[in-house]
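Architecture and fold: a report
In case you want the letters, here they are:
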Amino acid sequence: MSKILLSVHVLAAILAVGPVAVAASMFPAAVRRGDVKSATLLHRICRVYAYAAIAVPVFGFGVAGTMHVMGDPWLLVSIGLTAVAAAVLALLVLPRQKRLLAEESTSDTLGRLAMLTGVFNLLWAVVTVLMIVRPGSSTGA
């Protein structure tokens, strides 16, 4: 069962978080170009796939439960970073994108959005490395 849950967890991460990371990274450039149609589409991708990305931690908890690693430090750090990444996206990136689309923008807002998007992507990169390396893990996987 853990192999099935792990497969779904990894696929959800690739298919849900991946598009958010790419679309969020492309959004500031679309705004700079004045391409409102593309920026609107990229914002919608970020918003819709953010909901789909909820499957990643849901299946992740299932995997952790079947592998009996719920208390491992690498997993607890990953859970914390995932929560921070979700908060950055939901509370900072998406609202700024919406503001920029409503033309309530300044170059300062655009610069901060680009920075926050980088932070979001960096958090996911660290979580990915932790999931692969699993420092201190005794599972042998």
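Residues numbered from 1 in each chain as written. Predicted model: local features only at pLDDT ≥ 70, side-chain atom pairs only at ≥ 80, totals over all residues. Heavy atoms only, no water.

Per an unreviewed UniProt entry, the chain carries the name DUF2269 domain-containing protein and comes from Amycolatopsis vastitatis.

1. Overview of helix α4 (residues 73–101)
Operational definition: Strands here are runs of E lasting at least two residues and helices are runs of H or I lasting at least four, both read from the DSSP assignment and numbered beginning at the N terminus. How far a helix is expected to stretch is found by multiplying one less than its residue total by 1.5 Å. For a residue, the bend is simply the angle between two axes, fitted respectively to the seven-residue segment ending there and the seven-residue segment starting there. Exposure is judged per residue with a 1.4 Å probe applied to protein chains only, and the accessible area is read against the type maximum: over 50% gives exposed, under 20% gives buried, and values in between give partly exposed. Residues are treated as being in contact if the distance between any of their heavy atoms lies within 4.5 Å.
Compared with an ideal rise of 1.5 Å per residue, which puts 29 residues at 42 Å, α4 spans 40 Å between its outermost C-alpha atoms and is within 8% of the ideal. Approximately 35° is the largest bend angle found in α4, and it occurs at Leu89. Burial in α4 covers these residues: Trp74, Leu75, Ser78, Thr82, Ala85, Val88, Leu89, Val93, Leu94, Arg96, Gln97 and Leu100. In this fold, the buried residues of α4 make contact with α1 (2–33), α2 (36–52), α3 (55–67) and α5 (107–133).

2. Regarding the packing of α1 against α3
Cut-off, in case you're wondering: For helices, the fitted line uses only the C-alpha atoms of the stretch in contact; every axis is such a line through C-alpha atoms, and the angle between N-to-C directions lies from 0 to 180 degrees. When describing relative orientation, an angle under 35 degrees is termed roughly parallel and one over 145 degrees roughly antiparallel, while 65 to 115 degrees is termed roughly perpendicular and anything else oblique. Less than a right angle of anticlockwise turn of the near helix away from the far helix marks a crossing as left-handed, whereas a clockwise turn marks it as right-handed. By the convention adopted, Pro, Cys, Tyr, Trp, Phe, Met, Ile, Leu, Val and Ala count as nonpolar, Lys, Arg, Asp and Glu as charged, and the other residues, Gly among them, as polar.
Where α1 contacts α3, the axes come no closer than 8 Å and their chain directions differ by 155°. Considering their axes alone, α1 and α3 lie roughly antiparallel with respect to each other. Every pair of crossing elements has a handedness; the one defined by α1 and α3 is left-handed. Contacts between α1 and α3 involve Ser2, Leu5, Leu6, Val8, His9, Ala12, Ala13 and Val17 from the former and Ala55, Val56, Phe59, Gly60, Gly62, Val63, Thr66 and Met67 from the latter. Classifying every residue of the contact of α1 with α3 by side-chain character gives 11 nonpolar, 5 polar and no charged.

3. Details of the UniProt feature "transmembrane region" (unreviewed entry) in the chain
Here is the rule we go by: UniProt positions are given in the numbering used here, feature names are shortened, and annotations may be inferred rather than shown by experiment.
As recorded in UniProt, the sites labelled "transmembrane region" (unreviewed entry) are residues 49–67, 74–93 and 113–133. Spanning residues 113–133, this segment combines 100% helix with 0% strand, and its end C-alpha atoms are found 30 Å apart.

4. Points about the packing of aromatic side chains
For clarity, the cut-off: The aromatic pairing rule takes the rings of Phe, Tyr and Trp, using the six-membered ring of Trp, and pairs them if the centres are within 6.5 Å, calling planes under 30 degrees apart stacked, those over 60 edge-to-face and the rest tilted.
Overall, the coordinates contain 1 aromatic pair when judged by the stated rule. Both rings, one in Phe120 and one in Trp124, keep their centres 6.5 Å apart while their planes meet at 75°; by these two values the pair is edge-to-face. Taken together, the positions of Phe120 and Trp124, both in helix α5 and 4 residues apart, correspond to about one turn of that helix. Exposure class is identical for Phe120 and Trp124. Each is buried.

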